[in-house]
Amino acid sequence: MTTLAHDSATLTRDALTVLQPGFTGTTAPDWVLRRLGEGLASVGLFGRNIATPEQLGALTAQLRAERDDVLVAIDEEGGDVTRLEVRTGSSFPGNLALGAVDDPELTRAVARELGRRLAECGVNLNWAPSADVNSNPDNPVIGVRSFGAEPELVARHTAAYIEGLQGAGVAACTKHFPGHGDTAVDSHHALPRIDAGLDTLTARELVPFRAAVAAGTKAVMSAHILLPVLDPDLPATLSPAALHGLLRRPVADGGLGFDGMIVTDGMEMRAIADAYGIERGSVLAIAAGADAICVGGGLADEGTVLRLRDALVTAVIEGRLAEERLAEAAARVRALGEWTRRSGGPRAAHGIEPAAGVGLAAARRALRVTPAGSASSTSSASSSASSTSSSFSYEPVTGPAYVAAFTPVANIAVGEETPWGVGAELARLRPGTGAATYGRQDADTLGIHGLIENMLDTAGDRRIVAVVRDVHRHPWMADALDALLAARPETVVVEMGVPQAPPAGALHIATHGAARVCGRAAAEVIVGNGAGDHPGG
């Protein structure tokens, strides 16, 4: 019979402490408040929990009234992945846009303003930045969420982002260790595998994570990916070799020397849930070196919390999880909570000068504009707009336009509820502009010829603006765009994903992301406005 050194109350409290659950609603349910009193130390917020900044501030104050060091986490990357502005689109461009500009001071300023807004609302842990090197342009889940495909570029912007965010009192959680960039599978749906050797891993994936540790990131999020060079059997989230070994191991011994909190990616993601189940997966993750279990994107109820709590307690009792390992994990969670209590929150936000326009300014600088027949692209929205009349063979849109958005299926990290494109911003600048979306199902049902005929009939004599997203990954989209340009060569093309395909159209605008401010910056160029010359400010 196993004898516990801890009493059952301490063990239960530690098990609750390492959980980072979600919940439904814009106020905290009674069960969350009750569990905070019993040891729960973290919650995760999603778009469903947020209506307005004022409401979010009231929600976090409600949580903090129960526990003043509670970690309130959110997945707020800016760009395509936003929870603060889930229904309107983000005021900040995402990582790829910042990487395209390649000004670390700008990245630091964007992250600082994003952190200020989070802190003002009482959020103190951000599951960002993504430090993944997007070395595989066909990656279905990272893409514009990465700063780019070059390890050193990703490293310097990862460090700048962490410094900006944590300078606002919000803990950064660098993800997805040891790197999700070279995958062709979304771990929300299945288990990706990276067959890179250790030399490649060291020279590519690990470079930004080393920079993140050096920059003082308070947390690191593990990835549900299999890297046989580290562990032939277990994905990184469950692998002692990846977490306790590589991530924790001292630098002198070839590791990254990280001593902060390790949090898992969502445990209900199918890469873990299908093969291990969330209870066993959570036990294996803590045993491997993780300190916090993220769950609640899909399973957001008290029953899930109790199942995981009991699974951890039972694993200790049965000897499958070391009691000391669970206690160590809980201690790291509490230590981060104490840091945020001292450093974060609305008081920290009040000490920072707001920089309301930094997101739009960054989005404008990130644009790459290529006129028809040109092999080179301009460096910014302002330069492209100011040179339209002199050096571009492009006629700005002066009347109502028709925006045709070729829409892929949104990945789960982005979500379908967040609007994207240029339609709304272009309609503001050119009243009477219409918009419609066209997906793969339309192409399959109507055929490419039928889809384009339908589009042309609806557009009438209005200028067409075709908006695409990762056109290089979607053959139906590429075929439809080719057919449209053959019929209407004056069409403007806006690529809001990874601009891997060659530029096409009378004017090609690469925004490097689909945030609201990216759409606004593109719309300004489409109508020929210089930055700042558009109505509305």
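Calculation criteria
- Residues numbered from 1 in each chain as written.
- Predicted model: local features only at pLDDT ≥ 70, side-chain atom pairs only at ≥ 80, totals over all residues.
- Heavy atoms only, no water.
- Axes fitted to C-alpha atoms, helices over the stretch in contact; angles between N-to-C directions.
- Helix = DSSP H or I, 4+ residues; strand = E, 2+ residues; numbered from the N terminus.
- Parallel < 35°, antiparallel > 145°, perpendicular 65-115°, else oblique.
- Left-handed = near helix turned anticlockwise from the far one by under 90°.
- Contact = heavy atoms within 4.5 Å.
- Nonpolar A, V, L, I, M, F, W, Y, C, P; charged D, E, K, R; others polar.
- Pairing = 2+ DSSP bridges.
- Phe/Tyr/Trp six-rings, centres within 6.5 Å; stacked < 30°, edge-to-face > 60°.
- Buried < 20%, exposed > 50% of the residue type's maximum accessible area, 1.4 Å probe, protein only.
- Lys, Arg positive; Asp, Glu negative; His and termini not counted.
- Salt bridge = Lys/Arg side-chain N within 4 Å of Asp/Glu carboxyl O.

Let us now look at the packing of helix α1 (residues 8–17) against helix α13 (residues 323–343). Across the interface, α1 lies against α13 with an axial gap of 9 Å and an inter-helix angle of 55°. For the element pair α1 / α13, the angle class is oblique. Note on packing geometry: the crossing formed by α1 with α13 is left-handed. Of the residues in α13, those touching α1 at Leu11, Arg13, Asp14, Ala15 and Thr17 are Leu326, Ala327, Ala330, Val333 and Arg334. Here the contact of α1 with α13 is composed, by residue class, of 6 nonpolar, 1 polar and 3 charged.

Taken together, 6 strands build an open sheet; the order of strands is β2-β3-β4-β5-β6-β7 and the sheet is parallel. Two strands bound the open sheet, and with one partner strand each, they are β2 (42–45) and β7 (261–263). Sheet contacts for helix α3 (residues 53–66): β2 and β3 (71–74); angle to β2, the most-contacted strand, approximately 165°. This element, α13, spans β2, β3, β4 (125–126), β5 (171–177) and β7 of the sheet and lies at about 90° to β3.

Its location among the elements puts Gly257 in the loop between α9 (241–247) and β7. Between the C-alpha atom of Gly257 and that of Arg334, which follows or precedes it by 77 residues, the distance is 20 Å. Leaving out residues up to four positions away in the same chain, Gly257 has contacts with Val213, Leu247, Arg248, Arg249, Pro250 and Val251.

Moving on: the sheet that holds strand β11 (residues 434–438). Within the open sheet, the 6 strands sit side by side as β9-β14-β13-β12-β10-β11. Their pairing is mixed. Because the sheet does not close on itself, it has two edges, and the strands there are β9 (368–371) and β11. Put simply, the sheet's adjacent strands are angled 15° from each other on average, direction ignored. Sitting on the sheet, helix α19 (residues 440–459) is in contact with β10 (401–406), β11 and β12 (463–468), with an inclination near 170° to β10. Its contacts with the sheet put helix α21 (residues 516–526) on β9, β12, β13 (492–495) and β14 (507–510), and the angle it makes with β14 is roughly 160°.

Before going further, it helps to spend a moment on the packing of aromatic side chains. Summed over the entire model, instances satisfying the criterion amount to 5 aromatic pairs. When the centroid spacing of 6.4 Å and the interplanar angle of 65° are considered together, the rings of Phe147 and Tyr161 count as edge-to-face. With Phe147 in the loop between β4 and α6 (151–167) and Tyr161 in helix α6, this residue pair connects regions lying 14 residues apart in the sequence. In terms of burial, Phe147 and Tyr161 fall into one category: buried. Look at Phe406 and Tyr438: their rings are 6.4 Å apart centre to centre, the planes differ by 40°, and that puts the pair in the tilted class. Here Tyr438 lies in strand β11 and Phe406 lies in strand β10, a separation of 32 residues in the sequence.

Right, let's talk about the side chain of Arg368 for a bit. Take Arg368: it is sitting in strand β9. No salt bridge forms around the buried Arg368; measuring N to O, its nearest opposite-charge neighbour Asp102 is 8.7 Å away.

Now for the pattern of salt bridges. According to the stated counting rule, one finds 39 salt bridges in the structure shown. The closest approach of N and O atoms between Glu328 and Arg325, which form a salt bridge, is 2.9 Å. In this pair, Glu328 and Arg325 are both assigned in helix α13, 3 residues apart and thus about one turn of the helix distant. The exposure class assigned to Arg325 is buried, which follows from its relative accessible area of 11%. Among the ionic contacts, a cluster of salt bridges with common partners joins Arg248, Asp259, Asp291, Arg325, Glu328 and Arg332.

Moving on, we come to the packing of helix α5 (residues 104–120) against α6. Remark: α5 packs on α6, axes separated minimally by 7 Å, with the N-to-C direction vectors making an angle of 35°. Remark: the crossing between α5 and α6 carries right-handed chirality. For the pair α5 and α6, the contacting residues are Pro104, Thr107, Arg108, Ala111, Arg112, Leu114, Gly115 and Leu118 in the first and Arg156, His157, Ala160, Tyr161, Glu163, Gly164, Leu165 and Gly167 in the second. Here the contact of α5 with α6 is built from residues that sort into 7 nonpolar, 5 polar and 4 charged.

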